[in-house]
Amino acid sequence: KQLQQQFVHQVIGHKPEHNRLNASKSVGKGSAPVNIALSKYWGKRDTILNLPTNGSASISLPGLGTETQVKIISATKNHQDKVSLNGELLEAEAPFAKRVSNFLNYFRGNSHTLFEVTTCNSVPTAAGLASSASGYAALVLALDDLFEWNLADKELSLLARLGSGSASRSLFPGFSVWHQGTQTDGLDSYAEAIETQWPEFCIGLLEIDVKQKPVSSTQGMQNTVETCALYQAWPEQANRDLQTILNAIEEKNFSTLGKTAEHNALTMHATMIATWPPIVYWQPESVEAMHKVWQLREQGVEVYFTMDAGPNLKLLFLQTEKPAIKQAFKDVKILEPFKH
Ligand code: DP6
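All values reported here derive from a predicted model rather than from experimental measurement.

> How should I be thinking about the overall build of the protein in this particular structure?
Counting its regular elements, the protein contains nine helices and 13 strands. For a compact globule of 340 residues, the expected C-alpha radius of gyration is about 20 Å, and the protein comes in at 20 Å, within 12% of that figure. Overall, the C-alpha framework of the protein stretches about 65 × 40 × 35 Å when taken along its three principal axes. Relative to its full complement of 340 residues, the protein shows a buried share of 44%. Across the protein, contacts joining residues at least 24 apart in sequence account for 73% of those joining residues at least 6 apart.

Encoded structure:
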């Protein structure tokens, strides 16, 4: 906890106990989108400061994400924070509430400060649609609002990263890149917006199963790092893929972007499967959908997929393929990240 508190101190420029609370501002608010990694983050080189073994890039989804409010409350029964999720007050022992309270420990200043956090997701929690990413980004924005830090994007991203790695990328609309960083203090590992607008770019969400995932990303990637021999090859390939994807975004080379994103996702899943105990997020329907994507490509429909720590597929395609995608996947939800 001390290391994280020191990190927060460096980022916000003062110790948490010197947080100013403006009397007129009793509630802080923040909202952030979910993001889907095109080049994945899988594995930490530092589990305390949440530093990744490789950089990653993502795209944010408009209209899907988290809205959070935070306020300071006076003493509660049992001296615990109040955390509610989607309208339900959680038990202090619930994993979600515990993780949020642990994160808030870095901002408390003194142990008497308690927070009330009210958070609403417009995506199923922990179903592989990166709700922790939008969740910690929204929480950091709400804290920034409450304490009136007025932090810049870089600092907000550093703080969000401490809550959940992928949250560092959820502060921006459109494409974003999370720099791996090399420093041990973690101050150079943050995400930035990529300015490219790509109005034809579409994402299709194929929901296979929205139940809570069996192994969290945090636990899953740690097990992979510790027990998977194939993982040795991952950081290098991941950073190469990241570079290829960044170039493809800049050149708007959709084929290269799609191929690299799909290959990168499958490589990550290969390391998961080769972990012990094995981590297999796929359901039979996930594999069926992959085959359908490959079949479509053979028929000349340019569509690729990516998957995170869950059974759902995210399809990547350009607007011209929209009719073909709708026809092939009846329940697909299509999003156009660059059309407002
Ligand atoms: C597969 O960011 O959820 O979605 O840092 O431990 O909170 P923690 O992990 P998290 O991991 C996301 C993993 C991923 C790939 C990605 O989003 O890059």
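> What exactly am I supposed to notice about the nonpolar core here?
One recurring pattern in soluble globular proteins: nonpolar side chains tend to sit buried together. Grouped together as the largest cluster of nonpolar side chains are 86 residues, with contacts concentrated most on A137, V140 and L315. Ranked by residues supplied to this core, first place goes to helix α3 (residues 131-147) with 11 residues.

> Just to check I follow, could you spell out the site of the ligand for this structure?
Close to the ligand lie 16 residues, the nearest being A37, S164, G165, S166 and T218. In terms of residue class, the shell around the ligand is made up of six nonpolar, eight polar and two charged.

> What am I meant to see in helix α2 (residues 95-104) here?
Owing to its 3.6 residues per turn, the α-helix brings residues three or four apart onto one side. Along α2, the residues classified as buried are A97, V100, F103 and L104. The arc enclosing the buried residues of α2, seen along the axis, measures out at 125°, which places them on a common side. Counted as exposed and oriented over 90 degrees from the buried face of α2: P95 and N102. For α2, the secondary structure elements touched by its buried residues are β5 (82-85), β7 (114-121) and α4 (153-163).

> Help me understand the environment of F254, please; the structure alone is not making it clear to me.
Looking at the element boundaries, F254 is found in helix α7 (residues 254-273). With 49 residues separating them in the primary sequence, F254 and V303 have C-alpha atoms 9.7 Å apart.

> Any chance you could explain the sheet that holds strand β13 (residues 333-335) here in plain terms?
Sheets are built from strands that pair by backbone hydrogen bonding, the pairs being arranged parallel or antiparallel. In spatial order, the strands read β11-β12-β10-β13; together these four strands make up an open sheet with antiparallel pairing. The open sheet has two free edges, formed respectively by β11 (303-306) and β13, since each of these has just one partner strand. The average angle at which neighbouring strand axes cross in this sheet is 25°, direction not considered. Docked against the sheet, α7 engages β11 and β12 (313-318), running at close to 35° with respect to β11.

> Quick question: what am I supposed to make of the confidence of the model for the protein here?
Low pLDDT means the predicted coordinates in that region are not meant to be read closely. Of the residues in the protein, 97% reach a pLDDT of 70 or more, and the chain-wide mean stands at 93. Reported for the predicted complex are a pTM of 0.95 and an ipTM of 0.99.

> How do you make sense of α3 when you look at a structure like this?
Along its 17 residues, α3 runs 24 Å from first to last C-alpha, staying within 8% of the 24 Å computed at 1.5 Å per residue. With 15 of 17 residues buried, α3 is to be regarded as a mostly interior element. Of the residues flanking the end of α3, it is E148, one or two places downstream, whose phi is positive at about 50°.

> So what exactly am I meant to see when it comes to the packing of α3 against α4 here?
The description of two helices packed together rests on the angle between their axes and the distance between the axes. Between α3 and α4, the least distance of the axes is 8 Å, while the angle of their chain directions is 130°. On the basis of the axis angle, α3 is oblique to α4. Considering only the axes of α3 and α4, their crossing is right-handed. Touching Y136, A137, L139, V140, L141 and D144 of α3 are L156, L159, A160 and G163, all from α4. Residues of the contact of α3 with α4, tallied by class, amount to eight nonpolar, one polar and one charged.

> I would appreciate a short explanation of unusual backbone geometry in the present structure.
Note: most residues except glycine have negative phi, and most peptide bonds are trans. Residue P277 is reached from W276 by a cis peptide bond, and omega for that bond is -5°. A positive phi is found at N86, a non-glycine position, where the angle reads about 50°. If you trace the backbone, N86 turns up in the loop between β5 and β6 (88-89). Classification of N86 as exposed rests on a count of 12 C-beta atoms within 10 Å.

> Just to check I follow, could you spell out the packing of helix α6 (residues 234-251) against α7 for this structure?
Running from N to C, α6 and α7 cross one another at 160°; their axes reach a closest spacing of 9 Å. If you check the angle between α6 and α7, you find them roughly antiparallel. The handedness of the crossing between α6 and α7 is left-handed. On α7, the residues touching W234, Q237, A238, D241, T244, I245, A248 and I249 of α6 are T256, L257, T260, A261, N264, T267 and T271. Its residues assigned to classes, the contact of α6 with α7 shows seven nonpolar, seven polar and one charged.

> Looking at this model, I keep getting lost on the environment of Q283. Mind explaining?
Here Q283 is to be found in the loop between α7 and α8 (284-298). According to the C-beta neighbour criterion, Q283 is partly exposed, with 15 such atoms within 10 Å. In sequence terms Q283 and T320 are 37 residues apart; their C-alpha atoms lie 29 Å from each other. Beyond its immediate chain neighbours, meaning those up to four positions away, Q283 contacts I208, D209 and P311.

Calculation notes
- Residues numbered from 1 in each chain as written.
- Predicted model: local features only at pLDDT ≥ 70, side-chain atom pairs only at ≥ 80, totals over all residues.
- Helix = DSSP H or I, 4+ residues; strand = E, 2+ residues; numbered from the N terminus.
- Rg over C-alpha atoms; globule rule 2.2 N^0.38 Å.
- Buried ≥ 20, exposed ≤ 12 C-beta atoms within 10 Å, placed from the backbone.
- Contact = placed C-beta atoms within 7 Å.
- Core = buried A, V, L, I, M, F, W, Y, C linked by C-beta atoms within 7 Å.
- Near = placed C-beta within 6 Å.
- Nonpolar A, V, L, I, M, F, W, Y, C, P; charged D, E, K, R; others polar.
- Arc of directions from axis to C-beta.
- Pairing = 2+ DSSP bridges.
- Axes fitted to C-alpha atoms, helices over the stretch in contact; angles between N-to-C directions.
- pLDDT = per-residue confidence, 0-100.
- Expected span 1.5 Å × (residues − 1).
- Parallel < 35°, antiparallel > 145°, perpendicular 65-115°, else oblique.
- Left-handed = near helix turned anticlockwise from the far one by under 90°.

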